[in-house]
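Each chain is listed here by its residues.
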Amino acid sequence: MLLGNPKVKAMTDAKRATYSVSPGCLRITESFFSLEGEGVLIGCPTYLIRFASCNQRCTMCDTKFSSWWDTDAYQVSGTDLLRALTMEYPEAEWVSFTGGEPFYRSVGEEEGTFVWLAQKILALGRKLKVETSGTMVPPAGFPSRATFWSIAPKIPGGGMGGGTFLDPDVLQTILTEHARHGHIKFVVGAREKQNSVAIDFEGIKMLADQVPALRTAKHFSIIFQPEGLTESSVEYLLRCTVLAEAVLKDRDLMRLFPRWRVLPQWHQLLWRNERRR
């Protein structure tokens, strides 16, 4: 069952991207070493691999260069990414698969390289995190149980704007059959002069009714995070305040989940939307 923009629904029909890649390669927009900027891992030294393409079109997305457009996408071999991690970034405790949507890979060759890279990263003793909207199950062979999951369901019409959808059935499957630990991140619109906080909160409550695992996932924290497409760090701090106060006033929301936090995007405060940060 899909909830949200019917135009986006068509993008999920094939369940995987249809572009072609060379053998042993992956389609990405950038890879770099920085600090993790979101969720319970804020501040951890991380090598980020940003995969190109996405099955959503969130109008408030802060990485449209990776999710909406193909102009920055390029192919890189999985071997080269692994070499960069081991030779150039030995300090990286974590590796983050982000995007775009990491699981939105082309069927066959790229999916195989994607799974191979994930397995190799873990074999090196590094920790792996995957950033996903929770609308696609991982490909066969992906080391789901050993991966930290950062799942960000997009509430239609709320903080992420239009172009979003939810799939409660897939999210329930991920939480019960694939993911063992991580966090659920709700990006909330917290602009002072808009009512998007209320829209998002109602959407979150409805989703909790449709996905029972959201309430019972003991090894997952619930993160409330303000939408980060801003003109200044001062404006973003104001959104943090608006969101924190709104959560503290909504006791029904707080009671829904066993573990919850209100957290900012750390990189928005440090570097705003600067690339490779």
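Up top is the structure.
Our subject in this report is the structure included herewith.

A separate point is the sheet that holds strand S6 (residues 127-132). Spatially, the nine strands line up as an open sheet ordered S4-S2-S3-S5-S6-S7-S9-S10-S11, and their pairing is mixed. At either end of the open sheet lies a strand with only one pairing partner, and these are strand S4 (74-77) and strand S11 (260-262). Direction aside, neighbouring strands of the sheet carry axes that sit 30° apart on average. Judged from the four bridges that link them, strand S2 (residues 25-35) and S4 form a sheet pairing that is antiparallel. Within S4, the position partnered with Cys 25 by the bridge is Ser 77.

This part covers the nonpolar core. Ranked by size, the top nonpolar core spans 57 residues in total, and within it Phe 97, Phe 186 and Phe 257 carry the most contacts. Residues within four places of Phe 186 in sequence aside, it is in contact with Pro 153, Ile 155, Ile 204, Leu 207, Ile 222, Ile 223, Phe 224, Gln 225 and Phe 257.

With respect to burial, S2 is a largely interior element, nine of its eleven residues being buried. Pairing geometry for S2 and strand S3 (residues 45-51), over seven bridges, is antiparallel. Residue pairing across strands places Leu 35 opposite Pro 45, the latter belonging to S3.

The next point concerns the packing of helix H3 (residues 78-88) against helix H4 (residues 109-123). When two helices pack together, their arrangement is given by the angle between their axes and by how far apart the axes lie. Following both chains from N to C, one finds H3 and H4 inclined at 20°, their axes separated by 10 Å at the closest point. Classified by the angle their axes make, H3 and H4 are roughly parallel. Here the hand of the crossing between H3 and H4 comes out right-handed. On H4, the residues touching Gly 78, Thr 79, Leu 81, Leu 82 and Leu 85 of H3 are Thr 113, Trp 116, Leu 117, Lys 120 and Ile 121.

Our next topic: empty space enclosed by the protein. Under the defined criterion, the tally for this structure stands at two cavities of 30 Å³ or more. Taken as a whole, the second largest cavity encloses approximately 30 Å³ of empty space. Tallied by class, the residues present in the lining of the second largest cavity amount to five nonpolar, three polar and one charged.

Leave glycine aside and you will find that most residues have negative phi; peptide bonds, for their part, are mostly trans. Following Gly 99, the chain continues into Gly 100 via a peptide bond in cis, with omega recorded as 10°. Here Gly 100 is to be found in the loop between strand S5 (94-98) and H4. One non-glycine residue, Ser 53, adopts positive backbone phi at about 85°. Along the chain, the position of Ser 53 falls in the loop between S3 and helix H2 (64-67).

Under the criterion given, the structure shown has 14 salt bridges. When the shortest N-O distance is used, the salt bridge between Glu 38 and Lys 185 registers 2.2 Å. Taken together, the positions of Glu 38 in the loop between S2 and S3 and Lys 185 in strand S9 (residues 181-188) put the pair 147 residues apart, joining distant regions of the chain. Between Lys 129 and Glu 131 there is a salt bridge; the shortest N-O distance is 2.4 Å. Assigned by exposure class, Lys 129 and Glu 131 land together as buried. Connected via shared salt-bridge partners are Glu 36, Glu 38, Lys 129, Glu 131 and Lys 185.

Time to look at the layout of surface pockets. Empty space among the atoms becomes apparent when a probe as large as a water molecule is rolled across them. Here the largest pocket is characterised by a volume of approximately 750 Å³. What lines the largest pocket is a set of 45 residues, and nearest its centre among them are Glu 38, Arg 50, Asp 62, Thr 63 and Gly 99. Where the lining of the largest pocket is concerned, the elements lending two or more residues are S2, S3, H2, S5, S6, S9 and helix H10 (266-271). Taken together, the residues that form the lining of the largest pocket break down as twelve nonpolar, 16 polar and 17 charged.

Further remarks concern the side chain of Ser 53. For Ser 53, a relative accessible area of 9% translates into the label buried. Contact partners of Ser 53, with chain neighbours within four places excluded, come to Tyr 19, Arg 27, Ser 66, Ser 67, Asp 70, Gly 100, Glu 101, Tyr 104 and Arg 105.

Procedures and definitions
Residues numbered from 1 in each chain as written. Predicted model: local features only at pLDDT ≥ 70, side-chain atom pairs only at ≥ 80, totals over all residues. Heavy atoms only, no water. Pairing = 2+ DSSP bridges. Helix = DSSP H or I, 4+ residues; strand = E, 2+ residues; numbered from the N terminus. Axes fitted to C-alpha atoms, helices over the stretch in contact; angles between N-to-C directions. Core = buried A, V, L, I, M, F, W, Y, C linked by side-chain atoms within 4.5 Å. Buried < 20%, exposed > 50% of the residue type's maximum accessible area, 1.4 Å probe, protein only. Contact = heavy atoms within 4.5 Å. Parallel < 35°, antiparallel > 145°, perpendicular 65-115°, else oblique. Left-handed = near helix turned anticlockwise from the far one by under 90°. 1 Å grid on protein atoms, 1.4 Å probe; cavity = no way out; pocket = protein on both sides within 12 Å on 5 of 7 lines; lining within 4 Å. Points joined across faces, edges and corners; volume = space filled by probe spheres on them. Nonpolar A, V, L, I, M, F, W, Y, C, P; charged D, E, K, R; others polar. Salt bridge = Lys/Arg side-chain N within 4 Å of Asp/Glu carboxyl O.

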